[in-house]
Amino acid sequence: MALSQKPAGHFAGDVEDHADTQSGLPVNKLYVPEASSRPGQNPDFSDLEIPPAGTTPKPQTDTHALDMQSLAYGLVRVLDDEGNALGEWNPNLSAEQMRQGLRHMMHVRAYDDRMFRMQRQGKLSFYMKCTGEEAIAVAQAMALEKGDMLFPTYRQQGLLFVRERPVLDMMCQCLSNSKDNLKGRQLPVLYSWKENNFFTISGNLATQFSQAVGWAMASAYKGEDHIASAWVGDGSTAEADVYHALLFASTYRAPVILNVVNNQWAISTPQSFASAGTTFAARGLGFNIPSIRVDGNDFLAVYAAAEWAAKRAREGHGATFIELFTYRSEGHSTSDNPEGYRAKNEAQAWPLGDPVERLKQHLIRLGEWSEEQHEALAEELKQSILQTWKEAITYGTLEEGPHWPVSTMFEDVYKEIPAHLRKQRQKMGV
Amino acid sequence: MALSQKPAGHFAGDVEDHADTQSGLPVNKLYVPEASSRPGQNPDFSDLEIPPAGTTPKPQTDTHALDMQSLAYGLVRVLDDEGNALGEWNPNLSAEQMRQGLRHMMHVRAYDDRMFRMQRQGKLSFYMKCTGEEAIAVAQAMALEKGDMLFPTYRQQGLLFVRERPVLDMMCQCLSNSKDNLKGRQLPVLYSWKENNFFTISGNLATQFSQAVGWAMASAYKGEDHIASAWVGDGSTAEADVYHALLFASTYRAPVILNVVNNQWAISTPQSFASAGTTFAARGLGFNIPSIRVDGNDFLAVYAAAEWAAKRAREGHGATFIELFTYRSEGHSTSDNPEGYRAKNEAQAWPLGDPVERLKQHLIRLGEWSEEQHEALAEELKQSILQTWKEAITYGTLEEGPHWPVSTMFEDVYKEIPAHLRKQRQKMGV
Amino acid sequence: MAKMTMIQALNSAMDCTMARDPNVMVMGEDVGYFGGVFRCTEGLYQKYGAHRALDTPIAEGGIIAAAIGMGVNGLRPVVEIQFADYIYPGFDQIVSELARLRHRSGGEFWSPVTIRAPCGGGIRGGQTHSQSPEGIFTHVCGLKTVMPSNPYDAKGLLISAIEDDDPVIFFEPKRIYNGPFYGHDVQANVATTWSAHPAGEVPEGHYTVPLGKAAVLKEGSDVTILTYGTMVHVAEAAINLSGISAELIDLRTLLPLDIDTIADSVKKTGRCVIIHEATRTSGFGAELVAEVQEECFWHLKAPIERVTGWDTPYPHAYEWEYFPEHDRIIEAMKRTLEAD
Amino acid sequence: MAKMTMIQALNSAMDCTMARDPNVMVMGEDVGYFGGVFRCTEGLYQKYGAHRALDTPIAEGGIIAAAIGMGVNGLRPVVEIQFADYIYPGFDQIVSELARLRHRSGGEFWSPVTIRAPCGGGIRGGQTHSQSPEGIFTHVCGLKTVMPSNPYDAKGLLISAIEDDDPVIFFEPKRIYNGPFYGHDVQANVATTWSAHPAGEVPEGHYTVPLGKAAVLKEGSDVTILTYGTMVHVAEAAINLSGISAELIDLRTLLPLDIDTIADSVKKTGRCVIIHEATRTSGFGAELVAEVQEECFWHLKAPIERVTGWDTPYPHAYEWEYFPEHDRIIEAMKRTLEAD
Ligand SMILES: Cc1ncc(C[n+]2csc(CCOP(=O)(O)OP(=O)(O)O)c2C)c(N)n1
Ligand SMILES: Cc1ncc(C[n+]2csc(CCOP(=O)(O)OP(=O)(O)O)c2C)c(N)n1
Ligand SMILES: [Mg+2]
Ligand SMILES: [Mg+2]
């Protein structure tokens, strides 16, 4: 496909309205988007246009947005169905790097599995998995530098694994216990890790997307080379902050990567309520920002896109908008049951596969990995997570403590505790 | 230019950064957009790509956004420099209709001139002209039906003239006097006229753009054929409401026309701070909304685009995004002095001319109008405005009254006055 | 009459009004097909169609703006904001537009939008799923602000709100969605499910509880308790546990405030304790103090007490330390009693 | 020392801090090349460059979000919101993010953003150029809220705000930008220009006025007046016109509140009148009433009075009827004096 051309016409999800006829009354003509599937239906993704791996050309990093618009409507894919890495976007990673990536993704998955189960056992108040989306955080974190600032949502725990946050610390945050660096103040998974440039995650969707642009503007202001990267979910793209992020990033050519994780669902709401019937990446073009739609389950494609965008930003050419096309294969959170709103087997019908399986297949094909090694690694990670969990709960759990001293809740509202808060603390008797 | 193709590359206003070098310190790398001109500079619009009149193809009203994307980057023009009406977009209006349009535009201008002068004489607290932009409101209002709902900004007073709001009533609003239908509550020019579907103008920029989409959704919900039309300034496009309008309009295929009046300036801020270095119309494409960039000083082009969009909406194909390319030839308001921030003669350098002059030239060329008729009409309108003004002030002025009884300020906060407001009114002693 | 939880009662209020008036519709994130994350709109999509139980993009500002426009065009939108904590992206549309349309247009335009938002803590929701922002909305003229404390009132007040031609911000204390809550670790000898609670008896059809009228839930002679929402039940527990003769007033509507009922009571008791879960400074409690001392100054025998959330974000691990529990309420009542 | 208007003093505060610290920068609509619609940032673009006096798109939510990110990355952004009435599109970023970053991250992240916003009426601005939303921000823990009443304080407080590591909402009463204002139709025998007013004497260099400290502008024995911003001068006129021995306290910072200075005064006078331009219900006056009666209940000889804007939008034609004028203040003082 030529870079400056884009496919005309309609996209999957662009369904027709079926107005119901009520005799007498005027007929409702309001169009309401539909879902990819609802309970009882047969999920069908055959309408999805999925270009073959390796076919998307890779532009120079100083290419103008409109000269590479086809990338906003296509899908950058490197790994094909047989596990070959193809085309210009192949980042040509060493086997060691890929094994590292695979390990990180498996580590995330092992962690998610344990934490989910611990929530089910009442040890955590809440938990959110990123199953099926592990490549997104892991591959991009590997493509960035340590000094680059990350503004994640709650589904990029993979970033922390790549930057080697001790799993113990993550668990302690989720437990709100005495070793929680957030002092028991935040819901599980809303991590913060200043030391390695991982921004405090907000419970409010999308707010950090535009803050990331400000961070990147400051980096340019100071003449530094660090860039920022931010993530937002498909549903959350509807928030104003995403608009502001795109506009400010473009206006000031901020060194930032703006990622949309399109996992098809926002709790029960299908992506059709946020996508405007086109790709998310297309939205970036209206702001003159080079925009790339990427197979989010393809570790190598995600890595390559992030590497390209980071290079572009560091060279002073400004922002890149990346849509990561993926699928949320489990529930939204431990509070959710997707069987209430989508077909039971939709996850199985999703055509882009699983990121762990696909990278594993590639490594095995290269002769750099084996089923046995894979199983052993999975077991090793499972055990280490279990051991760490056992240690974590020695520092306390939410319901049973120990926590930070309760008086600390009055700290950090301001840098110094003002008189009225000191009085309140006193009143509390702590 | 083919409909589905768009020009690649850069746009006017896409200027390069000139980082200043301070020895020792790291060099600031933050890009900041520049203005078309600043005081002391020579305004130069030679970079603007202005396609010849009559060359833009006109698509069917059910055309998909991406199949007509060139229209978002081009410029629909009907009237050429000699006053000929050319091409597929020529709305083929009768001479009578065009004379009507000319009259409305001249009426607006006469009104603006009088009111501006009255503000300078201290009779009004504030005033805003739309000089040079008269075609935008007048032509679109003529292309719409009376039942269509208008959500204007403060610069579409032309809509009221077409819908035949008594000039007396407009003046009384501006005077906040005893005959002001807004009961002295609003700044001058923030009109409201329910009877003829002109929504109450907000002092808060852009808020009504997304409300218009809701209005249109309700029209579809009720199975009605009325459409909504909303306007927003180039600078105001940066507000979140514009994003919401685009997204909701696209998601629910609302029967609405979303107009951006790109008059190049937002008080002192050039359009380069809002345009993201591309056209405003381009933004609509990212939402899958057919988007058209129109010569806003070309009465016939504005009419034709509105007619097309209205037909599209009424047929159930959803929203159209229209950028009206124009120029704010005077100050932002009576509180503004543009010589503080742009070259003195920038207005004169603006290449798209004046909408009144251009339509007049066309009518004269057709043999349907003459300089003498034009002058006579201008004089007639001037006199009638003056007479009306004299009547208006008999109903009071802001500073001297009479106003509505002061007790009325406690009304309409709620439908019924609640007890606490009754008490406050009592306290006031009225 | 039927037994209903607060969720069922709210659902029934929407169902009743939708059945009577084709212009009533509900909209918000996950409220359509799925029926809402708290299930308040369950079944309405199936019964009334996708356009009347409308799923929306996740954009509170866009949702409220669309609702305003719909309201101007004759509909009666009932908006659900998934958590009150997420109402702020729509704040400008509420404050600058919805609240002021009628006044600024000289009465020409108005939009009867009702905004429902689950509020309050006590569900381990952390700082972004626990807030009580009601006080802020009471500072905005043109809005009415409501918070029910039980299923019967919830339904009657919501129907009133939907049918009211003014915009109403309707806060739902989610801690008591499924049953009354008397505080953490409290064994109050009272009903712990709505089905066992008298206010869990809810007519199935249409009825209203008027906006602007407080309810005296319990008469007493020594101190007046002013509160609303979840804290009504915590206050009840505190009264029961302490044995103090307190008059318990459930405000139900914060604005317009039923100052007459309040003043009558405080003039009688001479003492007043105000309770809310929201942070203290400039919370609605402050307005209540101001009103009460203006109306009842000469009757007051002790300073009016406020028992509130602390001026910190709602902390995940210290939920019960943050929450104004019965012991703090009892202490406050005692302080006022010992004052003279 | 130099004679400065409030605009010049604010400009000088920004200039001084920008000169000392390369991380201080100003940003907002029309603040760069043009120097702001009220000219507060005049000359900073020319002196410090386009990136340090940064023009922005018209998107208050985007501006504040960008400022937050910049602050996290080491800058000290001073944001101008063109009118306080237009702060609401940025409300979510202020309340949910700026105010809570430090707490929610366990102290790891914070952003020392200062948000300046001209507020208040009396300039024929109509309802969208006249609002005083300070009360709302005082309900948001994590923010500091400031409103100066004269050039000297304006400069000293703004420097403190910019140098403070907590976010500060800095309201500037635009009615007194260019001179003190004692009310419509008032011929108070006091200075009517800043150059004739003692507080118009402003050091050219760096100095601070501390946040959180009120100023007793006038001692008196019979009633304490609590106010801030423009109303300080109107109150002064009312005191002069009435001849009442009133103690006039200019709060300067609303949060954290200098309750000690307030309580000392009210304990002495036994009476208190609170004045603000903002609408009455749930305005900051309510919090002041609540605090004062909590601290000084046993000393109070009369109900605390509030003199405020009415609970309506600020109406263009009835500006002076809306504005809390000296006659309303004098009446309130008299009521409190006659009460016992
Ligand atoms: C401002 C705001 N509105 C609503 C919510 C409630 N909420 C939490 S997650 C979610 C869905 C987000 O979906 P998406 O952006 O697609 O991210 P995903 O969960 O799929 O990763 C919603 C509506 C919120 N947290 N913040
Ligand atoms: C929310 C909001 N922010 C700021 C302002 C102040 N303001 C009034 S007009 C204006 C410029 C608008 O420019 P543009 O949208 O281009 O419209 P134009 O005046 O050129 O027609 C600004 C910043 C406002 N009225 N509302
Ligand atoms: Mg999603
Ligand atoms: Mg403009």
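Shown above is the structure to which this text applies.
The shown structure was predicted, so the numbers you read here are calculated from the model rather than taken from an experiment. Residue positions are given per chain, counted from 1 along the sequence in the order it is written. Labels follow written order: the first chain is A, the first ligand is 1, and so on. Whole-chain, interface and lining totals are the exception, using all residues; otherwise, since this is a predicted model, local features are given only for residues with pLDDT of at least 70 and side-chain atom pairs are given and counted only at 80 or more. Here the side-chain values reflect all heavy atoms present in the structure, with hydrogen atoms and water set aside.

Chemist: Give me the lowdown on the relation of the copies chain A and chain B, citing residues and values where you can.
Modeler: Once chain A is rotated about the relating axis by 180 degrees and shifted along it by 0.0 Å, it coincides with chain B to within an RMSD of 0.0 Å. Within this description, the copies of the chain are treated as partners about a two-fold rotation axis. Judged by C-alpha distance, Ala240(A) is the residue of chain A that lies nearest the rotation axis, at 2.5 Å. Whether two residues touch is decided by their heavy atoms; if any such pair falls within 4.5 Å, the residues are in contact. Both copies present the same face, since 98% of the interface residues in chain A are matched by interface residues at the equivalent positions in chain B. Copies are brought into register by a least-squares superposition over C-alpha atoms of residues with pLDDT of at least 70 in both.

Chemist: Describe the site of ligand 1, and please don't skip the residues or the numbers.
Modeler: Each residue is tested against the molecule or strand, and it is near if at least one of its non-hydrogen atoms lies within 4 Å. The full set close to ligand 1 counts 20 residues, and Tyr154(A), Arg155(A), Asp234(A), Ser236(A) and Glu60(C) are the nearest of them. The environment around ligand 1 is built from residues contributed by chains A and C. In protein, a polar contact requires one atom able to donate a hydrogen and another able to accept it; more generally it is a pair of N or O atoms within 3.5 Å, and residues adjacent in sequence count only if both atoms are side-chain atoms. Here Gly235(A) contributes a backbone N or O atom positioned 2.9 Å from an oxygen atom of ligand 1. In this structure, a nitrogen atom belonging to ligand 1 sits 2.6 Å away from a side-chain N or O atom of Glu60(C). Burial of ligand 1 by the protein amounts to 96% of the accessible area it has alone, namely 580 Å². Among the residues forming the shell around ligand 1, the class breakdown is seven nonpolar, eight polar and five charged. Accessible surface is estimated by sampling points in the Shrake-Rupley manner with a 1.4 Å probe; for residues, cover comes only from the protein chains shown. Each residue gets one label: Ala, Val, Leu, Ile, Met, Phe, Trp, Tyr, Cys and Pro are nonpolar, Asp, Glu, Lys and Arg are charged, and the others, such as Gly, are polar.

Chemist: Any details on the pairing of strand S10 (residues 223-227) of chain D? Residues and values, ideally.
Modeler: Within a regular beta strand, the side chains point alternately toward one face of the sheet and then the other, so they alternate between its two faces. Residue and element names in this part refer to chain D. For the exposure calls, accessible area comes from a 1.4 Å probe over protein chains only, and a residue counts as buried if that area is under 20% of its type's maximum, exposed if over 50%, partly exposed in between. Secondary structure counts use DSSP, requiring at least four H or I residues in a row for a helix and at least two E residues in a row for a strand, with both numbered from the N terminus. Counting buried positions along S10 gives five out of five residues, so the element sits mostly inside the fold. Alternating residues of S10 divide into Val223, Ile225 and Thr227 and Thr224 and Leu226, and every residue in both groups is buried. Strands qualify as paired when DSSP identifies two bridges or more between them. The pairing of S10 with strand S11 (residues 246-250) spans five bridges and is parallel. The partner of threonine 224 across the bridge, within S11, is glutamate 247. Pairing analysis gives three bridges linking S10 to strand S13 (residues 272-279), with the strands arranged parallel. Along S13, the bridge assignment pairs threonine 224 with cysteine 272.

Chemist: Break down the site of ligand 2 for me, with residues and values.
Modeler: In the vicinity of ligand 2, 20 residues are found, and the nearest of them are Tyr154(B), Arg155(B), Asp234(B), Ser236(B) and Glu60(D). More than a single chain frames ligand 2: its nearby residues are located in chains B and D. Within the backbone of Leu205(B), an N or O atom sits 3.2 Å from a nitrogen atom of ligand 2. At 3.2 Å, a side-chain N or O of Tyr86(D) approaches a nitrogen atom of ligand 2. Look at ligand 2: alone it shows 580 Å² of surface, and the protein chains cover 96% of it. Class assignment of the residues belonging to the shell around ligand 2 gives a composition of seven nonpolar, eight polar and five charged.

Chemist: Just give me the short version of the relation of the copies chain C and chain D, but keep the residues and values in it.
Modeler: Its rotation angle being 180 degrees, the transformation that places chain C on chain D also includes 0.0 Å of axial translation and leaves an RMSD of 0.0 Å. When the interface residues of chain C are mapped onto chain D, 100% of them again fall at the interface, so both copies present the same face.

Chemist: Mind laying out the nonpolar core, listing which residues take part and the relevant values?
Modeler: Side chains of a nonpolar character, in soluble globular proteins, are inclined to be buried together. Take the buried residues of types Ala, Val, Leu, Ile, Met, Phe, Trp, Tyr and Cys, join any two whose side-chain atoms come within 4.5 Å, and each joined set is a nonpolar core. Met333(C) and Met333(D) are the most contacted members of the largest nonpolar core, which has 339 residues in total. Every residue in contact with Met333(C), bar those within four places of it in the chain, is listed here: Val223(C), Ile225(C), Ala238(C), Ile239(C), Ser242(C), Ile244(C), Ala246(C) and Val273(C).

Chemist: An account of the packing of aromatic side chains is needed here, citing residue identities and associated values.
Modeler: Each Phe, Tyr or Trp ring (for Trp, its six-membered ring) is paired with any other whose centre lies within 6.5 Å, and the angle between the two planes then decides the class: stacked below 30 degrees, edge-to-face above 60, tilted in between. For the structure shown, the criterion picks out 61 aromatic pairs over all chains. Pairing Tyr327(B) with Trp350(B) gives two aromatic rings, centres 5.3 Å apart and planes at 25 degrees, and the pair type is stacked. One end of the pair, Tyr327(B), is in the loop between strand S7 (320-325) and helix H10 (346-349); the other, Trp350(B), is in the loop between H10 and helix H11 (355-365), with 23 residues separating them in the sequence. When the ring of Tyr341(B) is compared with that of Phe34(D), the centres are 5.2 Å apart and the planes differ by 90 degrees; the resulting orientation is edge-to-face. In this pair, Tyr341(B) sits in the loop between S7 and H10 while Phe34(D) sits in the loop between strand S2 (24-28) and helix H2 (44-48), so the two residues belong to two different chains. Comparing Tyr341(B) with Phe34(D) shows no difference in burial state: the two are buried. Members of the aromatic cluster, connected to one another through ring pairs, are Tyr88(C), Phe91(C), Phe137(C), Phe171(C), Tyr88(D), Phe91(D), Phe137(D) and Phe171(D). Here, a charge over a ring means that NZ of Lys or CZ of Arg falls within 6 Å of the ring centre while also lying within 35 degrees of the ring normal. One cation-aromatic arrangement involves Arg253(B) over Tyr31(A); the distance from NZ or CZ to the ring centre is 3.7 Å. The lysine or arginine in question, Arg293(B), covers the ring of Phe325(B), its NZ or CZ lying 4.3 Å from the ring centre.

Chemist: Can you break down the environment of Arg422(B) residue by residue, with the values?
Modeler: Residues and elements named next belong to chain B. Following the sequence through the fold, arginine 422 ends up in helix H13 (residues 419-428). On the basis of relative accessibility, which here comes to 44%, the residue arginine 422 falls in the partly exposed class. C-alpha separation for the pair arginine 422 and serine 407, spaced 15 residues apart in sequence, amounts to 9.7 Å.

Chemist: Help me get a handle on the coordination of the magnesium ion (ligand 3), residues and values and all.
Modeler: Residue and element names in this part refer to chain A. Each metal's donors comprise the N, O and S atoms found within 2.8 Å of it (within 3.2 Å for Na, K or Ca). Water is not part of the atom list, so some coordination spheres may appear incomplete. Of the protein atoms, only Asp234 (OD), Asn263 (OD1) and Trp265 (O) coordinate the magnesium ion (ligand 3), at distances of 2.0 to 2.1 Å. All donor residues of the magnesium ion (ligand 3) come from one chain, and their arrangement in sequence is D-x28-N-x1-W. Taken together, the positions of aspartate 234 in the loop between strand S2 (228-233) and helix H7 (240-251) and tryptophan 265 in strand S4 (residues 265-266) put the pair 31 residues apart, joining distant regions of the chain. Overall, the relative accessible area of 1% leaves aspartate 234 in the buried class. Owing to a relative accessible area of 2%, tryptophan 265 belongs among the buried residues under this scheme.

Chemist: I'd love a proper account of the pattern of salt bridges, names of residues and values included.
Modeler: Whenever Lys or Arg places a side-chain nitrogen within 4 Å of a carboxyl oxygen from Asp or Glu, that contact is recorded as a salt bridge. Summed over the entire model, instances satisfying the criterion amount to 86 salt bridges over all chains. With a closest N to O distance of 2.9 Å, Arg306(D) and Glu287(C) form a salt bridge. Of this pair, Arg306(D) sits in strand S14 (residues 305-309) while Glu287(C) is found in helix H10 (residues 284-296), placing the two residues in two different chains. Looking at Arg306(D), the relative accessible area reads 3%, which means it is buried. Given a relative accessible area of 2%, Glu287(C) falls into the buried group. Linking Arg335(D) and Glu305(D) is a salt bridge whose minimum nitrogen-to-oxygen distance equals 2.9 Å. With Arg335(D) in helix H12 (residues 326-338) and Glu305(D) in strand S14, this pair connects stretches of sequence that are 30 residues apart. A residue is classified by how much of its surface remains accessible, and Arg335(D), at 35% relative accessible area, is partly exposed. Overlapping salt bridges, with partners in common, bring together Arg280(C), Arg306(C), Glu287(D), Glu291(D) and Glu294(D) in one network.

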